[in-house]
Amino acid sequence: MLILVIGQGAREHAIIQSLTRDPDVNVICAPGNPGIQQLAKTFNVNSNDVSEIVALAKTHNPDLVVIGPEAPLVAGVADELRNAGFVVFGPSKAAAALEGSKAFAKEIMQAARVPTADSKYCQTVPEARAALELFGAPYVVKDDGLAAGKGVVVTDDIDSAVAHAMACIDSRDGGAVVIEEFLDGPEVSLFGVSDGTTIVPLTPAQDFKRVGNNDEGPNTGGMGAYSPLPWAPKDFVPDVTKNVLQPMVDEMNRRGIPFQGLLFAGLAVTSRGVRVIEFNARFGDPETQVVLARLNSSLSELLLAAATGKLSSLPELEWKSESAVTVVMAAEGYPDSPKTGATIYGIAEAEKLGLTVFHAGTKSNESGEILVNGGRVLSVTATGSDLSDARRQIYAGIERIEFDGEHHRSDIAEKAALGQIDLGEHYG
Ligand code: AMP
Ligand code: GLY
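An account of the accompanying structure is given in this report. Starting from 1, residues in each chain are numbered consecutively following that chain's sequence as written. The order in which chains are written sets their letters, starting at A; the order in which ligands are written sets their numbers, starting at 1. Predicted model: local features are reported for residues with pLDDT of at least 70 only, side-chain atom pairs are reported and counted for 80 or more only, and whole-chain, interface and lining totals are derived from all residues. To get the side-chain values, all heavy atoms of the structure are used, and hydrogens and water are removed first.

A few words on the overall build of the protein. Secondary structure assignment for the protein yields 14 helices and 23 strands. Both definitions apply: the radius of gyration is a C-alpha atom measure, and the globule rule equals 2.2 Å times residues to the power 0.38. For the protein, the C-alpha radius of gyration of 21 Å lies close to 22 Å, the compact-globule estimate for 428 residues. Seen through its principal axes, the protein has C-alpha atoms that stretch 55 × 45 × 45 Å. The 428 residues of the protein split such that 56% are buried. Carbon and sulfur atoms provide 46% of the accessible area of the protein, an area that totals close to 17,500 Å². Working definition: helices are DSSP H or I runs of at least four residues, strands are E runs of at least two. Numbering for both runs from the N terminus. Summary of the burial criterion: residues with accessible area below 20% of their type's maximum are buried, those above 50% are exposed, and those between are partly exposed, where the area comes from a 1.4 Å probe applied to protein chains only. Throughout, the Shrake-Rupley method with a 1.4 Å probe supplies accessible areas, and for residues the shown protein chains are the sole cover considered.

This brings us to the site of ligand 2. Lining the immediate surroundings of ligand 2 are Asp 207, Lys 209, Gly 221, Phe 264, Asn 280, Arg 282, Gly 284, Asp 285, Pro 286 and Glu 287. Pairing of N or O atoms within 3.5 Å defines a polar contact, subject to two protein rules: one partner must be a possible hydrogen donor and the other a possible acceptor, and residues neighboring in sequence count only if both atoms are side-chain atoms. Here Asp 285 contributes a backbone N or O atom positioned 2.8 Å from a nitrogen atom of ligand 2. With respect to ligand 2, the side chain of Glu 287 contributes an N or O atom lying 2.8 Å from a nitrogen atom. The fraction of the free accessible surface of ligand 2 (200 Å²) that becomes covered by protein chains is 93%. Among the residues making up the shell around ligand 2, the classes are represented as two nonpolar, three polar and five charged. Any residue with a non-hydrogen atom lying within 4 Å of a molecule or strand is treated as near it. Classification convention: Asp, Glu, Lys, Arg as charged; Ala, Val, Leu, Ile, Met, Phe, Trp, Tyr, Cys, Pro as nonpolar; all other residues, Gly among them, as polar.

This part covers unusual backbone geometry. Omega for the peptide link from Ala 30 to Pro 31 comes to -10°, which places this bond in the cis form. Note that the residue after Asp 285, namely Pro 286, is joined by a cis bond; omega there is 20°. On the secondary structure map, Pro 286 appears in the loop between strand 17 (273-280) and helix 10 (287-293). The phi dihedral of Asn 61 falls on the positive side, at around 55°, and the residue is not glycine. Among the secondary structure elements, Asn 61 is positioned in the loop between helix 2 (50-60) and strand 4 (64-67). The class for Asn 61 is exposed, based on a relative accessible area of 55%.

In this model helix 9 (residues 236-254) runs 26 Å from its N-terminal to its C-terminal C-alpha over 19 residues, within 8% of the 27 Å that 1.5 Å per residue would give. The axis of helix 9 is deflected most strongly, by about 40°, at Lys 242. By the burial criterion, the buried members of helix 9 are Phe 236, Val 237, Val 240, Thr 241, Val 244, Leu 245, Pro 247, Met 248, Val 249, Glu 251 and Met 252. Note on definitions: a residue-residue contact is assigned when non-hydrogen atoms from the two residues lie within 4.5 Å. Close packing links the buried residues of helix 9 with helix 5 (93-100), helix 6 (102-112), strand 10 (187-195), strand 11 (199-201), strand 16 (260-270) and strand 17. Helices are assigned an expected span. That span is 1.5 Å times one less than the residue count. A residue's bend is simply the angle between two axes: one fitted to the seven residues ending at it, one to the seven starting at it.

Judged by how many residues are buried, strand 16 sits mostly within the fold: 11 of 11 residues are covered. A pair of strands is considered paired only if DSSP assigns at least 2 bridges between the two. Of the pairings in the sheet, the one linking strand 10 to strand 16 comprises nine bridges and is antiparallel in character. Bridging from a neighbouring strand, Gly 192 pairs with Leu 263 of strand 16. Bridge analysis of strand 16 against strand 17 gives seven bridges, and the strand direction is antiparallel. From the neighbouring strand, Thr 270 faces strand 17, where its bridge partner is Gly 273.

Think of a sheet as strands paired side by side through backbone hydrogen bonds, with each pair either parallel or antiparallel. Spatially, the five strands line up as an open sheet ordered 3-2-1-4-5, and their pairing is parallel. The strands lining the two open edges of the sheet, one partner per strand, are strand 3 (41-42) and strand 5 (88-89). Lines fitted to the C-alpha atoms define the axes, with helices restricted to the stretch that makes contact. Angles between their N-to-C directions range from 0 to 180 degrees. Across the face of the sheet, helix 2 comes into contact with strand 1 (2-7) and strand 2 (26-31) while running at roughly 165° to strand 1.

Of all residues adjacent to ligand 1, which total 14 residues, the nearest are Glu 180, Leu 183, Glu 187, Lys 209 and Glu 278. In this structure, Lys 142 approaches ligand 1 through a side-chain N or O atom, which is 2.9 Å from an oxygen atom. When the free accessible area of ligand 1 is taken as 470 Å², the share hidden by the protein chains comes to 92%. Counting residues per element, the ones that place at least two in the shell around ligand 1 are strand 7 (139-143), strand 8 (152-155) and strand 17. Per-class residue counts for the shell around ligand 1 are six nonpolar, one polar and seven charged.

Within the secondary structure, Ser 323 sits in strand 18 (residues 323-330). There is a polar contact of 3.4 Å between the side chain of Ser 323 and the backbone nitrogen of Leu 387. Apart from the residues lying within four places of it in its own chain, the contact partners of Ser 323 are Ser 227, Pro 228, Arg 294, Ala 382, Thr 383, Gly 384, Ser 385, Asp 386, Leu 387 and Ala 390.

Remark: helix 5 packs on helix 6, axes separated minimally by 6 Å, with the N-to-C direction vectors making an angle of 100°. Viewed along their axes, helix 5 and helix 6 adopt a mutual orientation that is roughly perpendicular. Here helix 5 contributes Ala 94, Ala 97, Leu 98 and Gly 100 to the contact with helix 6, which in turn contributes Lys 102, Phe 104, Ala 105 and Ile 108. Looking at the contact of helix 5 with helix 6 residue by residue, the class counts come to six nonpolar, one polar and one charged. Roughly parallel means an angle under 35 degrees; roughly antiparallel means over 145; roughly perpendicular covers 65 to 115; every other angle is labelled oblique.

Time to look at the state of the cysteines. Any two cysteine sulfur atoms lying within 2.5 Å of each other are counted as a disulfide. Tallied over the full model, the rule gives zero disulfides. Take Cys 122: it sits in no disulfide, and the sulfur closest to it among the cysteines is that of Cys 168, at 11 Å.

Now for the pattern of salt bridges. For side chains of opposite charge, pairing can occur when their charged atoms come near one another. Salt-bridge detection follows one rule: a side-chain nitrogen of Lys or Arg within 4 Å of a carboxyl oxygen of Asp or Glu. This model, assessed by the stated rule, comprises 19 salt bridges. Ionic pairing is found between Glu 99 and Arg 282, a salt bridge with its closest N-O pair at 3.1 Å. Here Glu 99, found in helix 5, pairs with Arg 282, found in the loop between strand 17 and helix 10; they are 183 residues apart in sequence, far enough to count as distant. Across this residue pair, the class does not change: Glu 99 and Arg 282 are buried.

Turning next to the side chain of Asp 411. Within the secondary structure, Asp 411 sits in the loop between helix 13 (387-397) and helix 14 (414-417). With a relative accessible area of 10%, Asp 411 lands in the buried category. In contact with Asp 411, not counting residues within four places along its chain, are Phe 208, Asn 213, Asn 214, Arg 391 and Tyr 395.

Two elements in contact, helix 6 and helix 9, have axes whose closest approach is 9 Å; the angle formed by their N-to-C orientations is 100°. It follows that helix 6 is roughly perpendicular to helix 9 by the angle criterion. Here helix 6 contributes Phe 104, Ile 108, Met 109, Ala 111 and Ala 112 to the contact with helix 9, which in turn contributes Pro 247, Met 248, Glu 251 and Met 252.

Right, dumping it as structure tokens:
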């Protein structure tokens, strides 16, 4: 089976590593990165350029196309590929609006009776200010459009909240923000693979959104992740499947916009129960690196079954009992203004210690060196008998990798490993 994967991050590197575990799978990738090039032939095609991607598919005639990032989905790459007769894993442009428009996602959640934060959609600064005053501190202000995980500000400072609302509203014609109630409690990322009717949950993971230890500093695309979650409430996955994932798929179906692809629920386990923070229409990064590290079943069979409407006949997924931790190594200045160009040393040494090094923002030069080429540079992953074991391995091995200005969090999965995540009375 030939699979074309669209994308160039650590998420796509992890997806391709999983796909190529199947002996009968060959992968090609556009545009890819130097890590992916070790597993798949890559093509220098812009992943958001719909006609170039369709032309590439027509040249190679893959049996399945897997779309990694949100931007090509929102640009309608899946629609055009399907129109051209290809089998695609990834939602249509209309269905990807669950990620592309926070207001649309809220509307579907309301119709499907999916628990989420109360919110107000605001198109002017005075409206936004009134909504902030209504909900009170901590203030949560979200850009209504796509913002690569960086469009959200959570703050106790009303002036910063208003300033962010103003910046989003003024950023483009039709700019708008969603202001919402603050959700307390730990966050969980749960992915569901959907064929438009049936949705199959994967194993939950936790992401670390802030750039610094102890959740300090600005939000990022994600600085690390781990799975499983030893502290998760009993029956968490079946409950969320029943109360969140399946109702969303059913409501999208009812509206004639079936969701076929990966539905990613960002959840808060609050003192009043589980609430949806947001949906994404694609695999999460870096959560995918730890979720797929634990998948025992065939990823290519799963994605093909989803893309062809056959999930209900797929055997139940099997998961490894090991724990997985991934730590993102970021460039100097990330997330505000990442500096590129530094040479990266020590990847092979870390791999010799048993770590998996997924490439994100990297490129290679003529002499074969690997250079920093983006904000999140590498996502280094370890598995172990439990979270403490995986953490020990990752933090021992990551020291082998160096580049100028490198920074990473040293507390990924720490609280979970130490049993310090407390869910409070609701779950007691
Ligand atoms: P989003 O892009 O909607 O996932 O938001 C990014 C991050 O902002 C989330 O992962 C949370 O850490 C935080 N956040 C978003 N909405 C809320 C909320 N209503 N209450 C508390 N934190 C939130
Ligand atoms: N790690 C969160 C995301 O992929 O949006």
